[in-house]
Each structure stands twice: as structure tokens, then as C-alpha cells.
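Descriptive structure summary
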Amino acid sequence: MLNSSGPKHSPGGHHCKTCARPSPEQPITPGYPPAVLCLRWGSVPEEVALFHLRQPSAPQRDSAAGQSQCHSVVLIIHSGLLLRPHENAGSCLATVLYRRTKSPPVVNIKCMQTKDQKQIQEEDNRLYQKIRHQTKPIIGNNIPDSYGHIEPALEPAWALAVTGSSYMMWEKSTESLGYFLAQVKSVKQWVNDFIEFDYTVLLHEVPTQEIISCHMRLTWLPGHPLKVKYFCASENQGLEDGSGMESGSAAGILHGRGANF
Amino acid sequence: MTQIQKSNSELVTQHYLGKTTENRTMYYLQISQPSDKIKKIIWMDCGIHAREWISPAFCQWFVKEILQNYKSDPKIRRFLQNLDLYILPVLNIDGYIYSWEKDRLWRKNRSPHMNGTCYGTDLNRNFNSSWGSIGVSYNCSSEIFCGSGPESEPETRAVAQFIKNKSSDILCYLTIHSYGQYILTPYGSTTKPPSNNEELVGQHIHLLQAVTCGTSLFTLLPFLQRKMAAAALMGKYGTSYKVGATSLILYSNSGSSRDWAHTIGIPFSYTFELRDKGTHGFVLPPDQIQHTCEETMLAVTAIIDYVDRKYFPGGAVMLTASSLGLSLCLSVILTWNVS
């Protein structure tokens, strides 16, 4: 099931290949769900199996000086999170190599898609139509609510929030800090040609156990990469209410880092 | 709880444990089969962290299951002959109520600090086990604030004093959390294993697959106990739990109740982290509550049963170190993981 070209042995006993970041040929859009959720320790969705391949350098915390810390993970990608739970769109094998320097880790990812592109596109389109055909712009709070319940009308907005948050969590997570999406505090839809949402999401940070509030602007058209701009409050500081922002533009009005992916 | 005691008064009694910061009364339930025998004790607490709502739900489920089935279920009947069950359904009452009314993701208790400008100590960093050494903050604004000193919090003191008094009779300490799907053993503050680690953890044997009919696990080798619990759990709905020492598979922390219970001499001390693995996290959907409780029930009763048979041998089935009898209901694939 996995790509057969596995990591090579290196003289130092490390089983990690140095490689480029995920290539543009592997775009991640809703419908081809959040692979990025899987790539960091701690940011693992429910049904992902996490295996550390047996190797001398993992998962000890005290690697010899000058050597890098290597993690290998197996990822299983889920499709259309809520719209069709438990369906796999594919699986990936990634190695994540943390160097002693402060630079971001080197990620090597190989994916096997089990759904074909056409199927994924169809699901994307269905999601798009479902959102477009709402009679009113989507607005909501506390998704899921305190009891874990999600209003059916808010499910598409939640699914997109999960995907967008996964990008944020990828960016934010480090070798020692991981994240999960704890709750969507608020969602507001901007009505224009795109699917565009403003979110306040709450991230659960481990192992600090902090709840981090982030503002996320998400823009999407099927067939295009998801656009995510975000800004997270620093610790112990509330985020200001974003209701004063201009309406409906995908142009960057948030100062945080943004991404197409 | 009062109602439970009333309708099952021959088996259950409610007892005063202490008071919370906001002066609420903490009660535990004692489930005890009347008899002349001197019993040993299994302690279980839930709800030490306010936002982990599935945890108090499980304690309630557990009590309900025992009371509904103690007459008909031979396994329960057997261990109730020798063991009393002490259940604290909500340890952090103030925090729990705060999470209903004010902040769903609150974790700590509600003790005021800095003249009331900051609230809450992480009760699971407040116990006297390498207190304040690792995996904590000394800052009240942190979610892992360990308090002004070990056992600084009334909730911690209430539990610790009680358990200390009874420690020679307590065989097993269980504390229920969410989320993550783990069964964790001591220690969090060091990677040095406890003296009975082999028995707690299961020495390099991976149970890859187990189908259980519930009663058949006890013929396995003793050091599979914790793995047995995970296997029992998985047998129900296929939910996989990771098992291991906290400092190795999760992260380092100090002052946890589980570590403390073990250091004062309670041989079997486990933290359960229930569903899920992060998709919903603390806000687990209602349709998963029952399944989570059912599968956890199997794991907890597997542990209780093991403890019962270890300390009260006799009767039809003898658990011996070399016994590898597998019943028809159980199919297990064992592999040696040589590391």
C-alpha cells in the first residue's frame, strides 16, 4: 500500500532522506483532505496510525550533538471529513528531519492516492454547490457546541475550518509543540464569487495544554488551492473582535502569514 | 449520587472526602459487598481536568454497570468478594461547573491567585511526586500551573490524605482523563522505569490483534496486564489505545496523581486518556459517549480482574507465570519487538 521506495540507510545510522518540501503536484484541497494534519507530532487526526520505524535515532530526545532528530510517520488521508467520514482518499509516508539549527524541518512525503482525481473533483464541486446554495450566508458559534454537536447546516463550514486549521497547525508546530483543533469559536461567511470564511478557531497546544485563539481567513474555489491567512493571539492575550474588518475580499487584510496550498 | 446510594443501599455508600476551593463538598462512592472478609481497595477518580467531560461520564457509567450487573455477572461477583471499589466521579467540581457555565475549555480548579486576577491550579501537577520539577509552570496564567506548593489545593489534599490513610489496602489507582487514547503508567517525571514496570507495561510484547470474549484474558502471562487492558478495549469497537510510560510516549510532567500513587506504594497505577485522538478532542460527539464508556469498562474490569486474581488466587482459574492457556474466544498474535 505504501510507496516502496523507503528511507535509505545513511552512514550515521539515520534512516532519513534529505528532501524537498511537499511538491506542487500534491495540492491539498478540501475533498483531498488535510494531510497536513498528520505531519507533526501531536497534530494527528483520529484514525491516523502513527508508526515510528525502528531506527537508532528515534524517538530518543538526547541525540548526539550535531546529529538530527528523525521521525518517520505513516499517514492515512481522509476524505470529506464530515461529508463522508472514514473514507480514505489515500495515504502518505513522510519523514520529518529536525536539524539542530532553527531552520524548519526537512519533510519528505510520498503519497499514494486511492481515489482518482475525477472523484475528488466531483466531491469538491458537490461541497462548493452545497455551500453556494445556502439561502443565507453561513454564520455560527461554538462548532462543535459544548456537547460535541455540530448543526448539519454548519458541517461544511466546519470541514473547511479543519482543513484550513491543519495548515496553520503545520506552520506553527515544532519538534516540541503540537496542536489540535479544539473548537471553532465563530464562523462568518463573506458572500462573493469565492467560498470565503472568517473564522476564530481555538487550538489546543500540547504539551503546554494552552488554548490558542487564532483568526483565520479562508478562501476557496474548486480546482484552486485553498488560501489561508491567519493570525494567532500570543499567550495570555485576547484576540480583538474582528467584526470591524472590511467585507468580502480575498486580498490580504490580516497581517499574519498566509499560504496557498 | 445520593439517589444511587438510596436505590442500592446494600452495596453503595456515599462518603465525605473534603471540600473544594469554592466550598463545594466532595463525595466518593464506596461499592462494597457486605461480608466478613477484609477487602482490598480499587480507587478510581474522574474529572480532575474540567474540560474532559467524557471522564465523569465514564465514572457514572462504571457505577451504573456494576450496580446493574453485580448479581448476574460472575466476573463482577468474583472481584467484589475481595475488593471494594471507591469511585470519585468528579474530583475538580468547581472547574467542571465553570466549564458548563463560563468556559468549555477550562482545565484547572478555581483557586484565586494574585489578588483574584488569575485563577486555577492544574490539579494533576499539584501532587507530591517530584512536584514542580518538569512539565509545569510556576505562573498562574499557565494551564499547567503546579500551584504554590505540593498539595496546595484543597481538592488535592482531600484525595491525597484519604489515599495515604488507606494506602496499605489500595491495590490499584485509576485516574480517568481525555483525550488521546492512551493507557499510561508511571512515571511522567523520569524515564527511569518503576520497579514493577514489567508487570505494568508488558515487556516488549506487542499484542497486534485480540478478539476477546471478556473473560478469557486472565490466562495470559502476567506482564501482559496493561496490554490486556488495551486489547480488551480494542476488542469491543476496534478502538486502538497506545500503552506505555508517560515520559516515553507522551511528555514529561511532574506532580501527577498517578505518579504520586505509585510512589507511596500503590502497585498498580494507571492514567486512562479516553477518546478521541484529536478530531473532536474535548468536545466528543454524543454518539460516541456510550461506545467509549463500554470499551473503557472492558479495560478497567480487565485490570480489576487481574488484580483480584493476583492477590486473591484460588478458585477455578489459577494465574501462573508460565501459563499460556488461550481460550477459544481469544486469538492473539504476539510478536517480539526486539529493540
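Residues numbered from 1 in each chain as written. Chains lettered and ligands numbered in written order. Predicted model: local features only at pLDDT ≥ 70, side-chain atom pairs only at ≥ 80, totals over all residues. Heavy atoms only, no water.

1. Quick notes on the state of the cysteines
Here a disulfide denotes one covalent bond, and it connects the sulfur atoms of two cysteines. All names here are of chain B. Selection criterion: Note that a disulfide, as used here, is simply two cysteine sulfur atoms within 2.5 Å. We count a stretch as a helix when DSSP gives it H or I for four or more residues in a row; a strand needs E for two or more, and each element gets its number in order from the N terminus. Only protein chains enter the area calculation, which uses a 1.4 Å probe; residues under 20% of their type maximum are buried, those over 50% are exposed, and those in between are partly exposed.
According to the stated counting rule, one finds three disulfides over all chains in the structure shown. For Cys118, the disulfide goes to Cys140, at an S-S distance of 2.0 Å. Here Cys118 and Cys140 share a disulfide; its torsion about the S-S bond, -105°, makes the bridge left-handed. Of this pair, Cys118 sits in strand 6 (residues 118-119) while Cys140 is found in the loop between strand 6 and helix 5 (154-165), placing the two residues 22 residues apart along the sequence. Here Cys118 and Cys140 have matching classes, each one buried. Take Cys146: it sits in no disulfide, and the sulfur closest to it among the cysteines is that of Cys140, at 11 Å. The closest cysteine sulfur to the non-disulfide-bonded Cys293 is located on Cys46, 9.1 Å from its own sulfur.

2. A short note on the pattern of salt bridges
Pairing between side chains of opposite charge can happen when the charged atoms of each approach one another. Residue and element names in this part refer to chain B. Our working definition: By convention in these notes, a salt bridge is any Lys or Arg side-chain nitrogen within 4 Å of a carboxyl oxygen on Asp or Glu.
Inspection of the entire model under this criterion finds 16 salt bridges over all chains. The residue Glu295 makes a salt bridge to Arg275 at a minimum N-O spacing of 2.8 Å. One end of the pair, Glu295, is in helix 10 (residues 289-311); the other, Arg275, is in the loop between strand 11 (268-274) and helix 10, with 20 residues separating them in the sequence. The residues Glu295 and Arg275 share a single accessibility class, namely buried. Measuring nitrogen to oxygen at the nearest pair gives 2.6 Å for the salt bridge that ties Asp305 to Arg309. Placement of the pair is Asp305 and Arg309 together in helix 10, with a separation of four residues, close to one helical turn.

3. Points about the interface of chain A and chain B
For clarity, the threshold we go by: Note on definitions: a residue-residue contact is assigned when non-hydrogen atoms from the two residues lie within 4.5 Å. By convention, the term buried area covers the 1.4 Å-probe accessible surface removed from two parts as they join, with the contributions of both added. For the purposes of these results, a polar contact is taken to be a pair of N or O atoms within 3.5 Å, where, inside protein, one atom must be able to donate a hydrogen and its partner to accept one; residues adjacent in sequence count only when each atom of the pair is a side-chain atom. Any residue outside Ala, Val, Leu, Ile, Met, Phe, Trp, Tyr, Cys, Pro, Asp, Glu, Lys and Arg is labelled polar, Gly included; the first ten of those are nonpolar and the last four are charged.
Between chain A and chain B, the residue contacts involve 25 residues of the former and 28 residues of the latter. Each partner contributes to the roughly 2300 Å² buried at the junction of chain A and chain B, and carbon and sulfur atoms together form 51% of this total. At the junction of chain A and chain B, the tally comes to zero salt bridges. Here chain A is connected to chain B by six residue pairs in polar contact (both at pLDDT 80 or more). For the side of chain A that touches chain B, the class distribution of residues is 12 nonpolar, eight polar and five charged.

4. Side note on the sheet that holds strand 2 (residues 25-31) of chain B
Residues and elements named next belong to chain B. Short version of the rule: A strand pair is defined by DSSP finding two or more bridges across the two strands. Interaxial angle, 0 to 180 degrees, is taken between N-to-C directions of lines fitted to C-alpha atoms, where a helix line uses only the stretch in contact.
Sheet architecture is open: eight strands sit in the order 1-2-4-3-7-11-8-10, paired in mixed fashion. Unpaired on one side and paired on the other, strand 1 (12-19) and strand 10 (242-245) mark the two borders of the sheet. Neighbour-to-neighbour, the strand axes of the sheet open up by a mean angle of 20°, direction not taken into account. With six bridges joining them, strand 3 (residues 40-46) and strand 7 (residues 170-178) adopt parallel strand pairing. The residue bridging Ile41 from the neighbouring strand is Ile170, located in strand 7.

5. Side note on a nonpolar patch on the surface
Basically, it comes down to this: Patch membership requires over 30% relative accessible area and the absence of a salt bridge. Like charges are linked within 9 Å, and nonpolar side chains (Val, Leu, Ile, Met, Phe, Trp, Tyr) within 5 Å. Residue burial considers only the protein chains on display, and all accessible areas are found by Shrake-Rupley using a 1.4 Å probe.
A cluster of nonpolar side chains, contributed by Met1, Tyr16 and Tyr27 of chain B, occupies part of the molecular surface with about 300 Å² of accessible area. Within the secondary structure layout, Tyr16 of chain B lies in strand 1.

6. Considering the pairing of strand 11 of chain B
All names here are of chain B. Taking burial as the measure, the seven residues of strand 11 include seven buried ones, the bulk of the element. Judged by which residues are buried, strand 11 turns out to be covered on both faces: Phe268, Tyr270, Phe272 and Leu274 on one side and Ser269, Thr271 and Glu273 on the other are all buried. Here seven bridges tie strand 7 to strand 11, and the two strands are oriented parallel to one another. Bridge assignment links Ile176 to a residue of strand 11, and that residue is Phe272. In this sheet, strand 11 lies alongside strand 8 (residues 182-185) in antiparallel orientation, the contact comprising three bridges. Each residue of the ladder has a partner; that of Ile183, found in strand 11, is Phe272.

7. A short note on the packing of aromatic side chains
Our working rule: Aromatic contacts are taken between Phe, Tyr and Trp rings whose centres are within 6.5 Å, Trp giving its six-membered ring; a plane angle under 30 degrees counts as stacked, one over 60 as edge-to-face, and the others as tilted. Our definition puts a charge over a ring when NZ of Lys or CZ of Arg is within 6 Å of the ring centre and also within 35 degrees of the ring normal.
Throughout the structure, instances matching the rule amount to 17 aromatic pairs over all chains. Seen from their ring centres, Tyr28 of chain B and Trp43 of chain B are 6.3 Å apart, and the 50° between their planes marks the pair as tilted. Pair noted here: Tyr28 of chain B is in strand 2 and Trp43 of chain B is in strand 3, with a separation of 15 residues, a long-range link. Relative accessible area serves as the criterion here: at 5%, Tyr28 of chain B is assigned to the buried category. One aromatic cluster is present, formed by Tyr147 of chain A together with Trp53, Tyr96 and Trp100 of chain B through successive ring pairs. For the cation-ring pair, Arg110 of chain B lies above Tyr98 of chain B, with the distance from its terminal atom to the ring centre recorded as 3.7 Å.

8. Examining the packing of helix 3 (residues 74-82) of chain B against helix 10 of chain B
Residues and elements named next belong to chain B. Heads up, the condition is: Note on angle classes: values under 35 degrees are labelled roughly parallel, values over 145 roughly antiparallel, values of 65 to 115 roughly perpendicular, and the remainder oblique. Here is the rule for handedness: rotate from the far helix to the near one, and if that takes an anticlockwise turn smaller than a right angle the crossing is left-handed, while a clockwise turn gives right-handed.
The interhelical angle for the contact between helix 3 and helix 10, taken along N-to-C directions, is 50°, at an axis separation of 10 Å. When the axes of helix 3 and helix 10 are compared, the pair comes out oblique. Like other packed secondary-structure pairs, helix 3 and helix 10 cross with a definite hand, here left-handed. For the pair formed by helix 3 and helix 10, the contact residues are Lys75, Arg78, Phe79 and Asn82 on the first element and Thr301, Ile304, Asp305, Asp308 and Arg309 on the second. Per-class residue counts for the contact of helix 3 with helix 10 are two nonpolar, two polar and five charged.

9. Regarding helix 4 (residues 93-101) of chain B
Those residues of helix 4 of chain B not exposed but buried are Ile93, Asp94, Gly95, Tyr96, Ile97 and Ser99 of chain B. Packing partners of the buried residues in helix 4 of chain B comprise strand 2, helix 2 (54-69) and helix 5 of chain B.

10. Looking at the side chain of Ser142 of chain B
Considering the arrangement of structural elements, one finds Ser142 of chain B in the loop between strand 6 and helix 5. With residues near it in sequence (within four places) discarded, Ser142 of chain B still touches Glu210 of chain A together with Lys108 and Ser137 of chain B.

11. Structural notes on the pairing of strand 6 (residues 195-206) of chain A
Regular strands have side chains that alternate between both faces of the sheet. All names here are of chain A. In terms of burial, strand 6 is a largely internal element, 12 of the 12 residues being buried. The turn joining strand 5 (residues 178-191) and strand 6, which pair antiparallel and follow one another in sequence, is formed by three residues. Pairing of strand 6 with strand 7 (residues 211-220), which is carried by 10 bridges, proceeds in the antiparallel orientation. For Asp198, the partnering residue across the bridge sits in strand 7 and is Arg217. Hairpin geometry of strand 6 and strand 7 is characterised by an intervening segment of four residues between the two adjacent antiparallel strands and by a positive phi of about 70° at Gln209.

12. Focus on the environment of Gln68 of chain B
All names here are of chain B. Positionally, Gln68 belongs in helix 2. Take Gln68: its relative accessible area is 52%, and that puts it in the exposed class. Taking the C-alpha atoms as reference points, Gln68 and Asn8, separated by 60 residues in sequence, lie 9.6 Å from one another.

13. What about the side chain of Asn92 of chain B?
Turning to its location among the elements, Asn92 of chain B is positioned in the loop between strand 4 (83-88) and helix 4. Excluding anything up to four places from it in sequence, Asn92 of chain B contacts Gly47, Ile48, His49, Ala50, Arg107, Lys108, Asn109 and Leu123 of chain B.

Nothing here speaks to function; it is geometry throughout.
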